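Single-letter residue listing:
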Amino acid sequence: MPRIHKLSEALADRIAAGEVVDRPASVVKELVENSLDAGAARIEVELREGGRKLIVVVDNGVGMEREDALLALERFATSKISDADDLHHIETMGFRGEALPSIAAVSRLRLLTRPPEADEGTLVVVEGGEVKQVEPVGCSVGTRVEVADLFYNTPARRKFLSSVNTERGHCHEGVLRLALARPDVAFKLSHDGAVLLATTGKGDLLSVLAAAYGSATARQFVPVHFEAEGFSVEGYISGPRLMRATRQHQFFFVNTRFVRSRSLSHALTQAYGNLLPVTRQPVCALHLRLSPEDVDPNVHPTKIEVRLASEGLVHDLMVRAVRRALEAAGLRAQPVESMREDREQEPLEAAGRYSLGSRLRVSPVADKLDVRDDGIGVYAHPTRFSEPREVRPQERESLRLTPSDESRSDTPTALAQVGLRYIVAMIGKELLFIDQHRAAERVLLEKLRAVERPAKQFLTLPQTLELTPSQAAAVAEHSELLADMGFDVERFGPRGWLLRAVPAGLEYGAPEQALVELLDELAEWQAPASQEARAEQARAMVACHAAIKAGQRLSKEQMQRLVEDLLATSSPAVCPHGDPIILTLSDEDLDRRFERPVR
Amino acid sequence: MLKVQLPQEELHRYVQIVSRGVSGRSVQPVQSNIYLEGKEGTLRLIATDLEYIHIEAEAPALVDQSGEVTVPARLLGEVAGSLPHSQVTLEATENNSLVVTCQRSHYEIRGLPASDFEMLPEVDGAVKATLSQKLFHQVLSQTIFAVSRDETRPILTGVQFTLAPERLDVVATDLYRLARRTIKPAEADIALQIDAEGEHQAIVSARCLHEIQRLLDAESEAPAELALGENLVQFTLGNVKMISRLIEGRFPSYERAVPDSYDKVILVRVEDLAMALRRALIVAREDANRVVFRVAGDVMTLTAESPNVGRAEEEVEVEIEGKEIEIAFNARYVLDVLEALQSERVRFELTGAFSAGAVRPEGDDSYLCVLMPMQILPGTA
């Protein structure tokens, strides 16, 4: 008996499908891209149970004849590329033409389609890749694809789908990318009957941003128009008040295709220079136009990564484009040393190198340090947010995060703020360099832990909140948690929300902004099962968003208070993410640095 | 070329007053300087951050030659402060330096051309109010504490002044409390003149008002004039003037935050309550300054509790109309109001544990502070 069988066609399809279709969001993306290729001006996406139960994509594009509809369901049939030359001019989106058969192979699919010139449409029903029914049917012009029970015949894959919220989040993000890519097309995304996103299709990118982030937020965007050397950038970047913790809100489009590119993100960071608080990232929606010859998208079937022919040049043009836009908006950026990048690659050295030189190093690893009985300066057990970092042996002698024994009885004195992000303080004979955001985060976290549940502080004038659909969904989903954290948010009219109370003790920051940032994070949060772990993560999130940010000017009193509060916490040395908070420089360290013989 | 003479004490005093206007963050070096101009019997001194603070003084002086120059504020202040108590001569040179001579001391301070110095324009054709420095000082200390520090809401980092023919309203809120002082010209013991038609509103930066407060004499009946222009406000105190840009935007309509009814009134001696709160804060500060106020009979019990620290309980004698009540406030906020009051007793008007409380001096409707409560959690009452 031959040991090797040729796989049946259906099985081959099912395996191949995994390459293109790995979750509801990829189905949505492929179907919507097909709709765009069909010239649709309006595309509606409906999801049920995060798309696991049902995905419906309806467009008003050209539609298909019966034969074309059947052909579309066959593997590698594509109307878009007819000869090899065409591969050099790839400007359509789903050129591989494998999406629909791949989706049909792993779901129960119904396709209704009618071209404008035909009197009637066609219904095709496919189950697990087998065509079960083909018949004429009355329907409107365009195409409607219904994908039910995704992965019903590949249980292993179905098992790996995440929660409804997570899958919904991915779909939402995918549709948002497409809506930002094509402001000229009206998109509507709804989930279990609730509208998550609706754009007008009037071609105005800012109105898409307003639909996604709310119009108050959209007003904080700065326009970008730039053209040079066969390259152009159009779009919007965020002003200094609108920053996010991750690069997730950076949308780059190369010839209307969404791309992820480290090089472009880096260019953005570099252009903002010192306008960007450390640990914050700008938000953007930028359209790059390049000659199609300069782009090779055929790297991966999901086509998120692209290869640019002259990446260095594009990077530099991008920096110029963003700088010019910021300057036009009255924001002059100064370049920052490449510290941000250093930090990502070599966290141990970066903090020291920035201002003090390479000998000053820190590490949050507890058991390698002397533990003292007063609790001050003792490393915390590494938090579960990050792995402990290695300490290289030669670093240990100059590695100190805490005031020494002689000075520990003294009270610290805050001296100055450096670069709007570090506090310099003095205790005994030692200088402390303190990261203001991390310090504030540590202090808040301990306060939140101590009270278990922060009390609500009610507001004289309840504040109306403008929330995006995903933020609003997060309010609904996590209402109990928000209340436990001390926020009182209630529905106000059909679209509005009202903030009535904020957590007591956080009121000196900007609680409204903290809430909005918290909602962004909650929208994507995978809550752990245990009640205690949930509460602890929630506290950490609140502490992070409510804490003083880098870039915030502090008064002497605020600095003094923060330094005292920090040294009174159980672990002043590391922030909840495991990053160092304090660097210490003693007179002896200075002796060494001035190459004076050490006594 | 500028050449003036004036007594050392005068020079030093005015340089100190004006130097407060210098911003440490000026981009243009010339803006870290003091502008000096001698003309018609006065030495005019100006320093400004071109934003919220422009301080200007006119010192009487013997003007030998009129002219102008700018010199670093700190340097001039140090030199002026250390000279002997005698007549000082200031003389500008060709190359923008200032020669300071006093008895046998000679200093030449390098300056920058006066033509580069920028300043805020004078406010004219404005709506005006005049009141005594004493009253103005009181008005500011009753309101400034309620200003927001949240820079993401610039409007609330200022104090709103409303000028109408029959009243001057001064309001501040940081969303946790709201302080309002109303002054009417008709009130007998108060000197207020208003020169305005219709109602005029302006939001003045707290930074500017803090500086004004330093300049005001809390005991003096001398006049303080407030003039509202299009985008600027000007305060005139004798021969010292302060100009500031207004904060742009609309102050929220705060009237809806003022409770229109209440069913309990509590009267308590300001001093007794303040002392008790200061002590309770030792414990309360560990839990966001929360103090629970419980009033039953003629006793108000204050409790603060913190899992890490312990518990505080204080009793204060009160007079109550209406039923007993339990409500929590941030003790710091209550103390801020008490410290701004000048009456013997304070009056609390309350409704329920989640409703705004109104605080007033006993028998005086011109001042009001609205305090929002904190939640009372189970186990802490």
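The structure presented is a predicted model; accordingly, all values stated were derived computationally and were not measured.

Quick notes on the rules
Residues numbered from 1 in each chain as written. Chains lettered and ligands numbered in written order. Predicted model: local features only at pLDDT ≥ 70, side-chain atom pairs only at ≥ 80, totals over all residues. Heavy atoms only, no water. Helix = DSSP H or I, 4+ residues; strand = E, 2+ residues; numbered from the N terminus. Buried < 20%, exposed > 50% of the residue type's maximum accessible area, 1.4 Å probe, protein only. Contact = heavy atoms within 4.5 Å. Areas by Shrake-Rupley, 256 points an atom, 1.4 Å probe, with all protein chains shown as cover. Axes fitted to C-alpha atoms, helices over the stretch in contact; angles between N-to-C directions. Parallel < 35°, antiparallel > 145°, perpendicular 65-115°, else oblique. Left-handed = near helix turned anticlockwise from the far one by under 90°. Nonpolar A, V, L, I, M, F, W, Y, C, P; charged D, E, K, R; others polar. Polar contact = N/O pair within 3.5 Å; in protein donor to acceptor, adjacent residues only side chain to side chain. Salt bridge = Lys/Arg side-chain N within 4 Å of Asp/Glu carboxyl O. pLDDT = per-residue confidence, 0-100.

**Student:** Which residues make up the overall build of chain A, and what are the values?
**Tutor:** Scanning chain A for helices and strands turns up 19 helices and 24 strands. Taking all 599 residues of chain A together, the buried fraction comes to 53%. Taking all contacts inside chain A whose residues are at least 6 apart in sequence as the whole, residues at least 24 apart take part in 69%. Surface accessibility of chain A: about 27,700 Å² in total, with carbon and sulfur atoms responsible for 50%.

**Student:** Go over the packing of helix α1 (residues 8-19) of chain B against helix α2 (residues 73-82) of chain B with me, naming the residues and quoting the values.
**Tutor:** All names here are of chain B. It is at 9 Å that the axes of α1 and α2 come closest, and there the two elements cross at 150°. Put simply, α1 runs roughly antiparallel to α2. For the pair α1 and α2, the sense of crossing is left-handed. On α2, the residues that touch Q8, L11, H12, V15 and S19 of α1 are A73, L76, G77, A80 and G81. Its residues assigned to classes, the contact of α1 with α2 shows five nonpolar, five polar and no charged.

**Student:** I'd like a rundown of the side chain of Q281 of chain A, residues and numbers included.
**Tutor:** Residue and element names in this part refer to chain A. Within the secondary structure, Q281 sits in strand β14 (residues 281-282). Residue Q281 is classed as buried on the basis of its relative accessible area of 9%. At 3.4 Å, the side chain of Q281 and the side chain of R247 are in polar contact.

**Student:** Got a sec to walk through the pattern of salt bridges? Specific residues and values, please.
**Tutor:** Taken as a whole and judged by the stated rule, the model has 50 salt bridges over all chains. One salt bridge in this structure joins R153 of chain B and E512 of chain A, with 2.5 Å as the shortest N-O distance. Here R153 of chain B, found in the loop between α3 (133-143) and β11 (158-164), pairs with E512 of chain A, found in helix α16 (residues 511-523), and the two come from separate chains. As far as burial versus exposure is concerned, R153 of chain B and E512 of chain A are alike and both buried. The residue R332 of chain B makes a salt bridge to E339 of chain B at a minimum N-O spacing of 3.7 Å. Connected through shared salt-bridge partners, E37, K39, R44, E56, E122 and K241 of chain B make up one network.

**Student:** Explain the side chain of T162 of chain B to me, using residue names and the numbers behind them.
**Tutor:** Residue and element names in this part refer to chain B. Among the secondary structure elements, T162 is positioned in strand β11. On the basis of relative accessibility, which here comes to 3%, the residue T162 falls in the buried class. Sequence-distant contacts of T162, that is, excluding residues within four places in its chain, are made with R167, L168, D169, E199, H200 and Q201.

**Student:** Go over the environment of A274 of chain B with me, naming the residues and quoting the values.
**Tutor:** All names here are of chain B. Along the chain, A274 falls in helix α5 (residues 270-284). Residue A274 is classed as buried on the basis of its relative accessible area of 4%. Separated by 62 residues in the primary sequence, A274 and D336 have C-alpha atoms spaced 9.5 Å apart. Dropping the residues within four chain positions of it, A274 is found in contact with L335 and L338.

**Student:** Lay out the confidence of the model for chain B in plain terms, naming residues and giving numbers.
**Tutor:** Residue and element names in this part refer to chain B. Model confidence for chain B is summarised by a mean pLDDT of 92, while 97% of its residues fall at 70 or above. Averaged over each element, pLDDT in chain B is lowest for strand β14 (residues 192-195) (76) and highest for strand β26 (residues 367-371) (97). Among the prediction metrics, the complex's ipTM stands at 0.87, with pTM recorded as 0.68.

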